[in-house]
Amino acid sequence: MPESTPEVEETSPDGLDLAREAARAASLAPGVPAKRRKGSGAAGPGRRRGRSRFSGAHPDDRDPQPLGFSLDRLVSYRGWETDLRVQGVFGRWGELVGAEVASHSTPETLTDGKLVVRTDSTAWATQLRLLAPTLVRRLNEELGHGTVLVIEVLGPHGPSWKKGPRSAGGRGPRDTYG
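Residues numbered from 1 in each chain as written. Predicted model: local features only at pLDDT ≥ 70, side-chain atom pairs only at ≥ 80, totals over all residues. Heavy atoms only, no water.

An unreviewed UniProt entry annotates the chain as DUF721 domain-containing protein originating from Nocardioides malaquae.

Shown next as structure tokens:
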């Protein structure tokens, strides 16, 4: 009675078959990369034609990216560099100018390189006007060249003489002095 051989179905190779084939090829010719099987050109599940299935030893766009790199790309793509510099001035004011100066002054606006700073007294306004060139240099060192070009120093807000909803639009307390 002749022995019957089982029929072998032709299937696409799975990961284990591919690993065995690569190991066999590597053992036959050490130092020579294993070649692909001729029948494995069809795109399988999760595979694209013409592209490698694995990223390899070197990083590429498919690998996880550091968060800082991704945020830098987003900021430059959206054009937020200037806005972040402005917020850097306001958020780090005490660190950039020192605790004493920061306790007597606050930045109000930064537009087109012009920083407007409000002080709590006229004496501090004068002091800050004298320190303005030093502050411009310091701010540009920390935030990038050209962020701040000039500093405009304003004194404290004057008192409001308006006392209620029906006040007359006079000159303040001087209008009753004859």
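(A) Summary view of unusual backbone geometry. Phi at Asp 112 takes a positive value of approximately 50 degrees, unusual for a residue other than glycine. Mapped onto the secondary structure, Asp 112 falls in the loop between strand S1 (105–111) and strand S2 (114–119). Given a relative accessible area of 76%, Asp 112 falls into the exposed group. (Helix = DSSP H or I, 4+ residues; strand = E, 2+ residues; numbered from the N terminus. Buried < 20%, exposed > 50% of the residue type's maximum accessible area, 1.4 Å probe, protein only.)

(B) How the structure looks around helix H2 (residues 67–78). Its 12 residues place the ends of H2 16 Å apart at the C-alpha level, agreeing with the 16 Å of an ideal helix rising 1.5 Å per residue. Where H2 ends, the next residue or the one after it, Gly 79, has phi of about 75 degrees, a positive value. (Expected span 1.5 Å × (residues − 1).)

(C) Focus on the environment of Gly 88. Mapping Gly 88 onto the fold places it in helix H3 (residues 81–91). Placed 51 residues apart in sequence, Gly 88 and Leu 139 show a C-alpha to C-alpha distance of 9.8 Å.

(D) Local environment of the side chain of Thr 147. Position of Thr 147 relative to the elements: it lies in the loop between helix H6 (122–143) and strand S3 (150–154). The class for Thr 147 is buried, based on a relative accessible area of 9%. Of the polar contacts made by the side chain of Thr 147, one reaches the backbone oxygen of Gly 144; its length is 2.8 Å. Thr 147 has contacts with Arg 85, Leu 110, Gly 113 and Asn 140, leaving out every residue within four places of it along the chain. (Polar contact = N/O pair within 3.5 Å; in protein donor to acceptor, adjacent residues only side chain to side chain. Contact = heavy atoms within 4.5 Å.)

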